Amino acid sequence: MKTFTHVKDLGDLNAALREALEVKKNRFACKASGANKTVALVFFNSSLRTRLSSQKAAMNLGMNSMVLDVNQGAWRLETERGVVMDGDKTEHLLEAIPVMGAYCDIIGVRSFARFENKADDYGEKILNQFIQYSGRPVFSMESATVHPLQAFADLITIEEFKTKPRPKVVLTWAPHPKALPQAVPNSFADFMNEACVDFVITHPEGYELDPQFVRGAKVEYDQKKAFEGADFIYAKNWSAFRDDVYGQVLSKDMHWTVDAGKMSLTDSAFFMHCLPVRRNMIVTDDVIESPKSIVIPEAANREIACQVVLKRMLESLQ
Ligand code: CP
């Protein structure tokens, strides 16, 4: 595996799931495979889960990991080509990337959408420069438009908790005070559309996601109707995707918060969220603290998802 940005990079998804469950049974089985190999984890944005789970996955494989917080302690990086660098940016990404590549074998990149230019965000301008210029396998640790490690962990979690061969999985928009990227819902849709699930997306009008990720999924604008008979409720906020309102918050309607009343419409559904979560905006305290909340095992599976990706990237180095 040379890149990991979308579900298709995993190839046969059932085989990837089986591999993940095998890794989970004995996460130290391939401890020798990463000896003398190094992963660089490059963060342009904050993280708790991705940072720790990626480092832990690397350790499980016997790898070294180096973490670079670009905005804390590194030179300020210019990302635009052709700029006269007479301002506060000291180094250009076009030198920084191959230098990082010189010190490691695999690179993970976190670089959120900036909401300045939709074409730049959806062109994955930062991530694609790492893919193009590092000379190393590169994986997204949540980039402008995708968060595939999260979606892979979500799928592993659904596989572990499902009680039916084909569960109903509902992705629901929920309110948030700030404009958030579409990366998590995009990748969740990307994975769910390839998984053995009945997938439904519900959101207020105006929050339609990119059709390349929605594909054949059912979109239901009535949240309560969408929840009926659901086996998994996956809550997430995202900002608008449409060109004329890209990156904007169109609604903070608290009627979309996931609460116990709505969960009672489901088939005793599990509650999922990628975390961090704004309590009593996205989901009420009682729902996230209930026995049906699986947000912690979901976060724990981030380690497994990353370990599968690193294992496959190590195999591609041989
Ligand atoms: N879910 C997730 O990616 O969490 P972090 O932002 O803390 O890494």
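Numbering of residues begins from 1 in every chain and follows the order in which that chain's sequence is written. Reporting in this predicted model follows two pLDDT cut-offs: at least 70 for local features of residues, and 80 or more for side-chain atom pairs to be given and counted; totals over whole chains, interfaces and linings ignore these cut-offs and use all residues. Only heavy atoms go into the side-chain values, all of them from the structure, while hydrogens and water stay out.

S.K.: For the sheet that holds strand 2 (residues 38-43), give the residues involved together with the corresponding values.
M.R.: Should DSSP find at least two bridges between two strands, the strands are regarded as paired. The helix count covers DSSP runs of H or I at least four residues long, the strand count covers runs of E at least two residues long, and both are numbered beginning at the N terminus. The strand order 1-7-6-2-3 describes an open sheet built from five strands, whose pairing is parallel. The sheet is open, and its two borders are formed by strand 1 (3-4) and strand 3 (64-69), each paired with just one other strand. Bridge count for strand 2 against strand 3 is six bridges, and the pairing is parallel. Considered in strand 3, the bridge of Val 42 is made with Leu 68.

S.K.: Report on the sheet that holds strand 12 (residues 270-272), specifying residues and quantitative values.
M.R.: The strand order across the open sheet built from five strands is 10-9-8-11-12, with neighbouring strands paired in parallel fashion. Looking along the sheet, the strands with just one partner apiece sit at the ends: strand 10 (218-219) and strand 12. Strand direction decides the pairing type here: strand 8 (residues 168-173) and strand 9 (residues 198-202), joined by five bridges, are parallel. Paired with Leu 171 across the bridge in strand 9 is Ile 201.

S.K.: Give me the lowdown on the environment of Glu 80, citing residues and values where you can.
M.R.: Turning to its location among the elements, Glu 80 is positioned in the loop between strand 4 (77-78) and strand 5 (91-92). Relative accessibility thresholds used throughout: buried, under 20% of the residue-type maximum; exposed, over 50%; partly exposed, between the two (1.4 Å probe, protein chains only). For Glu 80, a relative accessible area of 29% corresponds to the partly exposed category. Along the sequence, Glu 80 and Tyr 207 sit 127 residues apart, while their C-alpha atoms lie 30 Å from each other. Those residues in contact with Glu 80 that sit more than four places away from it in its chain are His 92, Asp 120 and Lys 125. Any pair of nitrogen or oxygen atoms within 3.5 Å is treated as a polar contact; in protein, a donor-acceptor pairing is required on top of that, and neighbouring residues in sequence qualify only through side-chain atoms on both sides. Side-chain polar atoms of Glu 80 contact the side chain of Lys 125, separated by 2.7 Å. The contact criterion used is simple: two residues touch if any of their non-hydrogen atoms lie within 4.5 Å.

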